[in-house]
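Results of the structural survey
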Number of protein chains: 2
Amino acid sequence: MAKKTTIYDIAKELNITVSTVSRALNNISTISESTRASVLATAKKLNYRPNKIASSLTSGKTYIIGILVPSAQIQFFASVIHALEKYLKSFGYSILLYQTNESLESEKNGIATLLEAQVDGIIASMSLETQDVSHFEKVKEEGKPLIIFDRTHDDLQSPNVKIDDEYAGYLATQHLLDQGYRNIAYLTTRHSIKIFRERFEGYQRALREAGIPPTPEHAVFGELTVEGGYAGTQQLMGLKNQPDAIIGGDDYVALGIIKALHEKGITPPEIGVIGFANQNFSEHIIPSLSTIDQQAIKMGKECAKMFLKIIEQSPLAENNITPVVLEPLLLARASTRRKQ
Amino acid sequence: MAKKTTIYDIAKELNITVSTVSRALNNISTISESTRASVLATAKKLNYRPNKIASSLTSGKTYIIGILVPSAQIQFFASVIHALEKYLKSFGYSILLYQTNESLESEKNGIATLLEAQVDGIIASMSLETQDVSHFEKVKEEGKPLIIFDRTHDDLQSPNVKIDDEYAGYLATQHLLDQGYRNIAYLTTRHSIKIFRERFEGYQRALREAGIPPTPEHAVFGELTVEGGYAGTQQLMGLKNQPDAIIGGDDYVALGIIKALHEKGITPPEIGVIGFANQNFSEHIIPSLSTIDQQAIKMGKECAKMFLKIIEQSPLAENNITPVVLEPLLLARASTRRKQ
DNA sequence: ATGAAAGCGCTAACAC
DNA sequence: GTGTTAGCGCTTTCAT
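Here is a short report on the structure shown in this document. (Residues numbered from 1 in each chain as written. Chains lettered and ligands numbered in written order. Predicted model: local features only at pLDDT ≥ 70, side-chain atom pairs only at ≥ 80, totals over all residues. Heavy atoms only, no water.)

Comments concerning the overall build of chain A
Scanning chain A from terminus to terminus reveals twelve helices and twelve strands. Radius of gyration (C-alpha) of chain A: 26 Å, far over the 20 Å computed for a compact globule of 340 residues. Projected onto its principal axes, the C-alpha coordinates of chain A cover approximately 90 × 40 × 30 Å. Scored against the burial criterion, the 340 residues of chain A give a buried share of 56%. Of the roughly 14,300 Å² that chain A leaves accessible, carbon and sulfur atoms contribute 51%. Here chain A contributes 36 positive and 38 negative side-chain charges, whose respective centroids are spaced 7 Å apart. (Helix = DSSP H or I, 4+ residues; strand = E, 2+ residues; numbered from the N terminus. Rg over C-alpha atoms; globule rule 2.2 N^0.38 Å. Buried < 20%, exposed > 50% of the residue type's maximum accessible area, 1.4 Å probe, protein only. Areas by Shrake-Rupley, 256 points an atom, 1.4 Å probe, with all protein chains shown as cover. Lys, Arg positive; Asp, Glu negative; His and termini not counted. Charge placed at Lys NZ, Arg CZ, Asp CG, Glu CD.)

Listed below in structure tokens is the structure:
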């Protein structure tokens, strides 16, 4: 291939200077319509393609924003990424993706990588391993916006977007109570990410408000996987005091619950099952799975909006950014439909 | 925040020149161990963070590779992205993501955007709308590697990674025949992307080899969605000549098939149902769904390997790159298990 | 409305 | 083993 054409080539071709070319290309202030047109024409003729790297070096803006997530394979994150990219693209931003795979070590490297790439900001959700959050502080030290979504952390003050997780747990439990279930178990996981704790608290609050003291042995902490749901259910069904409904920490856990029940000849809603996340299969399995929708698409869009809002302020003052709290949505389906 | 520290600051601090600093930082050839150590030390002390943008401008390499896919929300692509990022990261590459959302227009913009960002190469899978592929040629014109995966196109000669789709269709059909099904229908979609046509051809070949002439009315072309599967199944069940097994164009279509059958009081494997893609729910629904695994993770990894292989050649000669064809994997599960 | 020139932070010859 | 210097392609004052 021939050497790449630069604004110098355009300038030479038209006997003008690069500054004029640059102005024409960026459609800046006082450019005569005629030169603008001719620049654009020769740019096209010479097959010119702007070099964003060069422009970034001078302007200090890359129009790239870093997305740091546990894994693109987790559908919730895939959906957030999808929405983020789709929305930010329309404002001229591209997405640089980094997956932590739930590793703190990788998360640290990710922040460094994104920062070295000179991203204009970072939108992140924490790994399960993360306890110390000091690596996130570096983003702010560089004066770049940092937005945390879904998996927030007590120690990190940052603009954030999440759903009301306590209410999500409450909502799931309340729904089961409404359907007449009384002996409600909960399969979740244990760690410092707030959301799981908050949901669990919502579960306990709903029970208490219904005058039902939470049964300790009905709270099982395990893995958030199909296998985890399966194992947890076996444990629960081995109790003298068997539950009549089980809340799964997410929809995969719920799948495991259904599987374990099925092997015992039980089909929901005989024992009620509800999950979290509204995975795309949940609506379509038989029986269809009740779940709490976490509004991934909306969350992605809200993150993008928040980023744009922060970036257009100067100087960057993140303090006046109000956190966005989305409302969890109860999707009541067959797996909990005891009453008509 | 203070002004960013550059290699000039390190140089000044140590009374050496930037070239020495640069060499030390990049661990180049003949650097005395002592200066290297002191440079690294002061770099750390001054909180130095390399500016990849600046380095890219001189070196011509960004260590960023562009990923262009229809949508990160389609699980297959999410898995490929996951594998790609995970693998390439270990070689120092970052991922710039662009979604076409199945739009040709967007695909063209995507190629332009990625090229302007000076990516070192592009790994792409085509949108369903794509017929003319000239925008992809621009990548090669810039002398950058272009790898196509899964959704290839007759008109575009490029290194590629895919599964043997004809065989995938054959495999699914053969499996149903093995299970004693004889009247096998196929719900798919129609367009210029090769893979769907090839799978369909595999289906026809399997039937012919079994001495069963394909029934035209058993080939239904619709949307590759749950709704498409549902509608197609209703159409098929309205025929005098009802099928005894249905192949879904993907696992979502299969979900729609099962749903429609369920409403008629039929549960697989009474009528056999098999899908494509091995979505993560397929194993866990009841009855578990037979499917053809497309090896998304492996495909991502193979793309990454191919990219690295191409990039380390000089000059870039993509002609000698043998396409990688992965073998589709039959996952025979309950939805087709007629025989013991 | 356009030109001249400095410089963004780094790399890579080429010297010594 | 280290210094000097010229860019990479673009933006952006400051002139005119």
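Still to come is the rest of the account.
As for the interface of chain A and chain B
Accessible area lost during the coming together of the parts is what is often quoted as the interface size. Taken together, the 55 residues of chain A in the interface contact 55 residues of chain B. For the chain A and chain B pair, buried surface summed over both sides reaches about 5,100 Å², with 58% attributable to carbon and sulfur atoms. At the surface where chain A touches chain B, the tally comes to two salt bridges. One salt bridge in this structure joins Arg-49 of chain A and Glu-142 of chain B, with 2.8 Å as the shortest N-O distance. Put simply, chain A and chain B have 20 residue pairs in polar contact (both at pLDDT 80 or more) between them. For the side of chain A that touches chain B, the secondary-structure elements that each account for two or more residues are helix 4 (52–59), helix 5 (75–89), strand 2 (94–99), helix 6 (104–116), helix 7 (134–141), helix 10 (226–237) and helix 11 (251–263) of chain A. Counting residues per element, the side of chain A that touches chain B draws most heavily on helix 5 of chain A, which supplies seven residues. Bridge count for strand 2 of chain A against strand 2 (residues 94–99) of chain B is three bridges, and the pairing is antiparallel. Looking at the pairing, Leu-97 of chain A lines up with Ile-95 of chain B of strand 2 of chain B. (Contact = heavy atoms within 4.5 Å. Buried area = accessible area lost by both parts, 1.4 Å probe. Salt bridge = Lys/Arg side-chain N within 4 Å of Asp/Glu carboxyl O. Polar contact = N/O pair within 3.5 Å; in protein donor to acceptor, adjacent residues only side chain to side chain. Pairing = 2+ DSSP bridges.)

A closer look at the protein's contact with DNA strand D
Close to DNA strand D lie 25 residues, the nearest being Tyr-48 of chain A together with Ser-19, Thr-20, Arg-23 and Thr-58 of chain B. By atom count, sugar and phosphate contribute 56% of the portion of DNA strand D lying within 4 Å of the protein. Here Thr-58 of chain A contributes a side-chain N or O atom positioned 3.3 Å from a sugar or linking oxygen of DNA strand D. Within the contact set of DNA strand D, a phosphate oxygen lies 2.9 Å away from a backbone nitrogen or oxygen of Thr-17 of chain B. Sorting elements by how many residues they give to the surface near DNA strand D places helix 2 (residues 18–26) of chain A first, with four residues. (Near = heavy atom within 4 Å.)

Remarks on the pattern of salt bridges
Between side chains of opposite charge, pairing is possible as soon as their charged atoms come close. All names here are of chain A. Applying the stated criterion to the full structure yields 26 salt bridges over all chains. Its salt-bridge partner being Lys-305, residue Glu-302 comes within 3.8 Å of it at the nearest N-O pair. Within this pair, Glu-302 and its partner Lys-305 are both found in helix 12 (residues 296–311), separated by three residues, close to a single helical turn. Taking the relative accessible area as the measure of exposure, Glu-302 reaches 17% and is therefore buried. Sharing partners across several salt bridges, the network here consists of Lys-162, Asp-165, Glu-198 and Arg-199.

Section: the layout of surface pockets
There is about 1,400 Å³ of room inside the second largest pocket. Lining the second largest pocket are 47 residues; nearest its centre among them are Glu-116 and Gln-118 of chain A together with Pro-50, Asn-51 and Lys-52 of chain B. For the lining of the second largest pocket, the elements supplying multiple residues, two or more each, are helix 4 and helix 6 of chain A together with helix 1 (7–14), helix 2 (18–25) and helix 4 (52–59) of chain B. Partitioning the lining of the second largest pocket into residue classes produces 16 nonpolar, 20 polar and eleven charged. (1 Å grid on protein atoms, 1.4 Å probe; cavity = no way out; pocket = protein on both sides within 12 Å on 5 of 7 lines; lining within 4 Å. Points joined across faces, edges and corners; volume = space filled by probe spheres on them. Nonpolar A, V, L, I, M, F, W, Y, C, P; charged D, E, K, R; others polar.)

Notes on helix 12 of chain A
Residue and element names in this part refer to chain A. With 16 residues, helix 12 should reach 22 Å at 1.5 Å per residue; the first-to-last C-alpha distance of 22 Å fits that figure. Within helix 12, burial applies to Ala-296, Met-299, Gly-300, Glu-302, Cys-303, Ala-304, Met-306, Phe-307, Leu-308 and Ile-310. Those residues of helix 12 hidden inside the fold are in contact with strand 1 (64–69), helix 5, strand 3 (121–124), strand 4 (146–149), strand 5 (160–163) and strand 11 (324–326). (Expected span 1.5 Å × (residues − 1).)

Remarks on the relation of the copies chain A and chain B
Of the transformation placing chain A onto chain B, the axial shift is 0.0 Å and the rotation is 180 degrees, giving an RMSD of 0.1 Å. The superposition of one copy onto the other is thereby described by a two-fold rotation axis. Taking C-alpha positions as the reference, the residue of chain A nearest the rotation axis is Leu-96 of chain A, at 2.3 Å. Taken as a fraction of all interface residues of chain A, those also at the interface in chain B reach 100%, which identifies the copy contact as same-surface. (Least-squares fit on C-alpha atoms with pLDDT ≥ 70 in both.)

A word on the protein's contact with DNA strand C
Close contacts around DNA strand C come from 25 residues, with Thr-20, Arg-23, Thr-30 and Thr-58 of chain A together with Tyr-48 of chain B the closest. Sugar and phosphate atoms form 58% of the subset of DNA strand C atoms that lie within 4 Å of the protein. At 2.9 Å, a backbone N or O of Thr-17 of chain A approaches a phosphate oxygen of DNA strand C. Between DNA strand C and the protein, one listed contact pairs a base oxygen with a side-chain N or O atom of Arg-23 of chain A at 2.3 Å. For the surface near DNA strand C, the elements supplying multiple residues, two or more each, are helix 2 and helix 4 of chain A together with helix 1, helix 2 and helix 4 of chain B. Here the surface near DNA strand C is composed, by residue class, of eight nonpolar, 15 polar and two charged.

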